[in-house]
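# Analysis of the macromolecular model
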Amino acid sequence: MNVDVVLGLQWGDEGKGKIVDYLARQYPVIARFQGGPNAGHSLHFEDTSFVLHSVPSGIFRKGTVNIIGNGVVIDPVTFEEECRSLEALGIPVRDRLMISKRAHLILPTHRIIDAASEHSKGVSRIGSTLKGISPAYMDKTGRNGIRVGDILVPGFQERYKALKSKHIEFLKQFDYAYDPGQGEANWLKAVDYMGQFTLIDAEYYVNDCLNENKRILAEGAQGTLLDIDFGFYPYVTSSSTTCAGACIGLGFPPSRVGKVYGIFKAYCTRVGSGPFPTELFNREGEILREQGKEFGATTGRSRRTGWLDLVALKYAVILNGVTDLIMMKADVLDVFETVKIATSYMIDGAGTDRVPYDTNAVITPVLREFKGWKRDLSGVRREEELPFEFMTYVRFIEDAVGIPIKIISLGPDREQTIIRD
Ligand code: IMO
Ligand code: MG
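All of the points below concern the structure found in this document. Not measured: the values here are computed from a predicted model.

Membership of the largest hydrophobic core comes to 60 residues, with the highest contact counts inside it found for Leu 333, Phe 390, Tyr 393 and Ile 397. Per-element accounting of this core gives the leading share, seven residues, to helix α12 (residues 388-401). Residues within four places of Leu 333 in sequence aside, it is in contact with Ala 266, Tyr 267, Leu 288, Trp 307, Val 339, Trp 373 and Tyr 393. In terms of nonpolar packing, the next biggest core, distinct from the first, is built from 32 residues, Val 55, Phe 79, Ile 151 and Leu 163 among them.

Shown next as structure tokens:
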């Protein structure tokens, strides 16, 4: 058996939560492989909506095992809040969730360093979610980090205090006022809470599942254009968001990658700073934001919006080896007279269909126009009912990328999903 991977092909917020929840019924095991509480995966069903930050999006499905993999960084406080709200909804989180001992912890001082570092960057700040992601991964690769498994080892408190002291030293370089005890009591309480969960050697668990022919779905966070290596650096997150990151973040070999579901929105959004070639600053951009309710699920920030960028999408498809495309929020485009797609970039007077090394260069997108369908698609449940103009848009993308769009999502609900064979 293989691991199928679901990941975002843009700058995050593609709708991964909905799709993982939707696909989860086919998989007994759902596993998050990178990122942390910077993620905000929204799920809607019946009259409920829920935003998950650290817990995999399979948690609502009875009979699933959900795993937080070694590639994830966890803030015990956010984790506890999230699990308690799930428990309040009657979800038996402790029975359905296991955590890799190798996942790293986000300390209160990681969050302070994140804030101090962003503050010091002024206008060139990354627009981080300020959840302590980058400092936690810095400690991981710098070999200073504290892992989930350390909770069970005597001397945990001492290790915590030693790392906190290092952080206080590090913070001296910034002109930034903070309270070193901020959040500490809560954090230590939340660590105890986490210790009540099943902490596992997830790499063995995952490989045992594969050998027992259990299907695993790996759930990515963020998106390919935020990847630490291949994103629009330095305006990226601090983990490997691409398919290869699933192997590293869970401990299964590349030969076991099965399907790669690449999720993209029918247009583009971005939160935080950094280049965004197709960004709109006009009424069209506002309409996308209003129709798409483009406000951050984690930070509440309003998202930047723009047309679909095929140059970036093709780049993401190559990097991930996408086998199945999934198009989200296509209904948001319903109101437009004309819908546009960027097919190439103009940089310094030359055309290219490749993402350049220097994404901070002035990039002018070359746009192709499509006649809008001007029909409310949110109630459509069958492909045959989709308008001709809409299918022209879909087929153009499929032809350009060379990968079929297997799922079209026309709204947040589980039911608003069209599967194409
Ligand atoms: P999901 O999983 C959208 C962005 C931040 C910032 C940059 C770095 O919901 O798609 P970080 O806090 O990681 O240091 O921030 O990455 N970012 C996201 N944008 N969706 C996300 O997650 C994101 N996680 C981080 O806005 O620009
Ligand atoms: Mg998000």
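What follows is about the side chain of Thr 109. When you line up the elements, Thr 109 lands in helix α4 (residues 108-121). Residues within four places of Thr 109 in sequence aside, it is in contact with Lys 164 and His 167.

What follows covers the pairing of strand β3 (residues 41-45). Burial along β3 is one-sided: His 41, Leu 43 and Phe 45 are buried, and none of Ser 42 and His 44, which face the opposite way, are. With antiparallel pairing between neighbouring strands as the criterion, β3 and strand β4 (residues 48-52) make up a hairpin whose turn holds two residues, including Glu 46 at a positive phi of roughly 45 degrees.

This next bit is on the site of ligand 1. Taken together, 21 residues sit near ligand 1, with Asp 13, Lys 16, His 41, Thr 129 and Thr 237 positioned nearest. At a separation of 2.5 Å, an oxygen atom of ligand 1 approaches a polar side-chain atom of Thr 129. A distance of 2.8 Å is found between an oxygen atom of ligand 1 and a backbone nitrogen or oxygen belonging to Gln 222. Here ligand 1 has 550 Å² of accessible area as a free molecule, and 98% of this is covered by the chains. A breakdown of the residues in the shell around ligand 1 according to their chemical character gives eight nonpolar, ten polar and three charged.

Per the stated rule, a full pass over the model turns up one cavity of 30 Å³ or more. Residue composition of the lining of the largest cavity, grouped by class: six nonpolar, one polar and one charged.

What follows covers helix α11 (residues 310-320). Of the residues making up α11, those classed as buried are Leu 310, Val 311, Ala 312, Leu 313, Ala 316, Val 317 and Asn 320. Where α11 begins, the side chain of Asp 309 points an oxygen toward the backbone nitrogen of Val 311, at a separation of 3.1 Å.

Cut-offs used in this document
- Residues numbered from 1 in each chain as written.
- Chains lettered and ligands numbered in written order.
- Predicted model: local features only at pLDDT ≥ 70, side-chain atom pairs only at ≥ 80, totals over all residues.
- Heavy atoms only, no water.
- Core = buried A, V, L, I, M, F, W, Y, C linked by side-chain atoms within 4.5 Å.
- Buried < 20%, exposed > 50% of the residue type's maximum accessible area, 1.4 Å probe, protein only.
- Helix = DSSP H or I, 4+ residues; strand = E, 2+ residues; numbered from the N terminus.
- Contact = heavy atoms within 4.5 Å.
- Pairing = 2+ DSSP bridges.
- Near = heavy atom within 4 Å.
- Polar contact = N/O pair within 3.5 Å; in protein donor to acceptor, adjacent residues only side chain to side chain.
- Areas by Shrake-Rupley, 256 points an atom, 1.4 Å probe, with all protein chains shown as cover.
- Nonpolar A, V, L, I, M, F, W, Y, C, P; charged D, E, K, R; others polar.
- 1 Å grid on protein atoms, 1.4 Å probe; cavity = no way out; pocket = protein on both sides within 12 Å on 5 of 7 lines; lining within 4 Å.
- Points joined across faces, edges and corners; volume = space filled by probe spheres on them.

By themselves, these figures tell us nothing about what the structure is for.
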